[in-house]
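Here is what each chain is made of, one letter per residue.
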Amino acid sequence: MQLPADFILKYQQLFKEPEASQFLASFETEPLHGFRINPLKQATPVQEDLSNPIAYSDWGYYGRVSGKTSDHQSGAVYSQEPSAMYVGEVASPQPGEKVLDLCAAPGGKTTHLGSFLNNTGFLLANEIDASRSQVLTENVERFGMTNTIVTNTDTPTLAKHLPEFFDRLLVDAPCSGEGMFRKDPNATTYWSLDYPKECAMRQKEILTDAVKVLRPGGELIYSTCTFAPEEDEQIVAWLVKEYGFEILPVKKYPQMSSGKPEWADGNPDLTNCVRLFPHLFPGEGHFIAKLRKPGSDSQVNQKPAKNINPAVKELNKEQAQLWQQFAKTHLNTPVTGKLVVFKDQLYSIPEQTPNLTGIKISRLGLWLGTFKKNRFEPSYTWALALHPTDWQKVLTITADEWQKYVAGETFMCDASLAKDWYLLVHDQQPIGFGKVVNGTVKNFFPKRFRFNL
Ligand SMILES: C[S@@+](CC[C@H](N)C(=O)[O-])C[C@H]1O[C@@H](n2cnc3c(N)ncnc32)[C@H](O)[C@@H]1O
């Protein structure tokens, strides 16, 4: 790979030999791939090679997953590079917490945080870029997350509306991406000697507002996929000086390195941070810091909102009746969360959802379905959040039928099956709903996701 000359010079000066040469030589080696399995699903994925587990994650494996398997389509697996996987592990939110993933698309860390929360508490996944927030929404839905709202807004807006609301905040910051060079050599063309400094200014701008949403005593996890000290130790040193944050120790597994005080202001606590360097660690590279906001742990006065937004309503009488009838005749397990309606769409939102007026919402919790004239139609996204035992009528389908399903085709079934909505299950994972009518399964797999094998 053609590394920029200034990049080579910079790291030759930062590292001593022979480490500088080892670090630079690592850019000539192949990138590493990994994936996590999804603990929110009832069954273990069957199409992946689970023989290479990653030591620091209960759900992580080395290897590559295809986007065209039913394990992937059902959300049973999520592709994530091994060093990025350590961010979620460091964050490890506790069940019931209120968590903000501020820079969340495409959702690698959001889905990991969701694995820890196990659909408890409240997770807000935010992304400033509208089209990326759409991808984030799709990944959150595929993963079957019922406790997560996706927003598409800037940090000052969040700070204004949700001061001191969150117990835990992840800022996986936009950065100069030096840890992406192996995966995407084109990324080197954006790099210049000044680029890390420009990124650091943006990171400070984001953090200045981000710290306001964290309650006193709450934890901030700050991470980047770059090696630049300006964006890593120097940002952490700035957080300590400017806001009095305490740098908490992060466990280092073999091949992980400590943060480097000498690359910032010499604060010895910077060794509490973790660095994953590609010449030492099997992964692309990351920097991760865990910090505590000053102040007591006592709960701040933040009650769940009665109304989260003027456009989001309670069910009217007719909708409540339709829903109760549908639930009685289709569900084995009641839906958790608070039921709300936006236009004719029914959602379940986390009980702890605050008032989100003024914040642009991309995904208002779990979309359960649509009220049509005199009936309720379940949504594709709901199916992905269900376990097979939650639904009364389940239809297990073959690999051939799954191929037809993802291609958007109808397929045949036992003609004696009653006309109704069936939860379609393949390899023990729900993959969507089908409507059985006279021995045919009508296809409701969304057009935008369809593919051929
Ligand atoms: C490093 S990526 C995040 C990767 C993501 N956490 C994951 O694991 O899949 C940084 C993201 O931050 C977004 N971003 C940039 N500025 C932002 C801001 N002010 N607020 C929120 N997101 C921002 C970028 O569009 C980008 O999607």
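Per an unreviewed UniProt entry, the protein goes by the name RNA methylase and belongs to Lentilactobacillus senioris DSM 24302 = JCM 17472.

Caption draft 1: Summary view of the layout of surface pockets. Roughly 370 Å³ of internal volume is contained in the second largest pocket. The wall of the second largest pocket is formed by 19 residues, among which Thr146, Thr336, Ala385, Leu386 and Asp390 lie closest to the centre. Taken together, the residues of the lining of the second largest pocket sort by class into nine nonpolar, eight polar and two charged.

Caption draft 2: Seen up close, the sheet that holds strand β20 (residues 411-412). Across the sheet, which stays open at both edges, the five strands sit in the order β19-β21-β22-β23-β20 with mixed pairing between neighbours. For this open sheet the edge positions go to β19 (394-396) and β20, each flanked by a neighbour on one side alone. The pairing of β20 with strand β23 (residues 440-443) spans two bridges and is classified as antiparallel. Pairing of Met412 across the sheet is with Thr440, part of β23.

Caption draft 3: Layout of empty space enclosed by the protein. In total, this model carries two cavities of 30 Å³ or more according to the counting rule given. If you add up the space inside the largest cavity, you get close to 40 Å³. In this structure, the largest cavity is lined by Lys306, Asn307, Ile308, Val312, Lys313, Glu314, Lys338, Val340 and Ile349. Listing elements by their share of the lining of the largest cavity, those giving two or more residues are β13 (312-313) and β14 (338-342).

Caption draft 4: Layout of the UniProt feature "domain: SAM-dependent MTase RsmB/NOP-type" (unreviewed entry) in the protein. Residues annotated in UniProt with the feature "domain: SAM-dependent MTase RsmB/NOP-type" (unreviewed entry) correspond here to residues 1-294. Annotated as 29% helix and 19% strand, the span residues 1-294 places its first and last C-alpha atoms 44 Å apart.

Caption draft 5: Region of the structure containing the site of the ligand. If you check the shell around the ligand, you find 18 residues, and the closest are Gly108, Lys109, Glu127, Arg132 and Asp172. One of the backbone N or O atoms of Pro106 is found 3.3 Å from an oxygen atom in the ligand. Protein contact buries 86% of the 600 Å² of open area that the ligand shows by itself. At the level of secondary structure, the elements contributing two or more residues to the shell around the ligand comprise α5 (108-117) and α8 (195-210). Along the lines of polarity and charge, the residues of the shell around the ligand split into nine nonpolar, four polar and five charged.

Caption draft 6: Inspection of the packing of α8 against helix α9 (residues 233-243) at higher detail. Running from N to C, α8 and α9 cross one another at 40°; their axes reach a closest spacing of 11 Å. Put simply, α8 runs oblique to α9. Seen along the crossing, α8 lies across α9 with a hand that is right-handed. Each of Ala200, Gln203, Lys204, Leu207 and Thr208 in α8 lies in contact with α9, whose residues at this interface are Ile235, Trp238, Leu239 and Tyr243. Class assignment for the residues of the contact of α8 with α9 results in six nonpolar, two polar and one charged.

What counts as what
Residues numbered from 1 in each chain as written. Predicted model: local features only at pLDDT ≥ 70, side-chain atom pairs only at ≥ 80, totals over all residues. Heavy atoms only, no water. 1 Å grid on protein atoms, 1.4 Å probe; cavity = no way out; pocket = protein on both sides within 12 Å on 5 of 7 lines; lining within 4 Å. Points joined across faces, edges and corners; volume = space filled by probe spheres on them. Nonpolar A, V, L, I, M, F, W, Y, C, P; charged D, E, K, R; others polar. Pairing = 2+ DSSP bridges. Helix = DSSP H or I, 4+ residues; strand = E, 2+ residues; numbered from the N terminus. UniProt positions renumbered as here; feature names shortened; annotations may be inferred. Near = heavy atom within 4 Å. Polar contact = N/O pair within 3.5 Å; in protein donor to acceptor, adjacent residues only side chain to side chain. Areas by Shrake-Rupley, 256 points an atom, 1.4 Å probe, with all protein chains shown as cover. Axes fitted to C-alpha atoms, helices over the stretch in contact; angles between N-to-C directions. Parallel < 35°, antiparallel > 145°, perpendicular 65-115°, else oblique. Left-handed = near helix turned anticlockwise from the far one by under 90°. Contact = heavy atoms within 4.5 Å.

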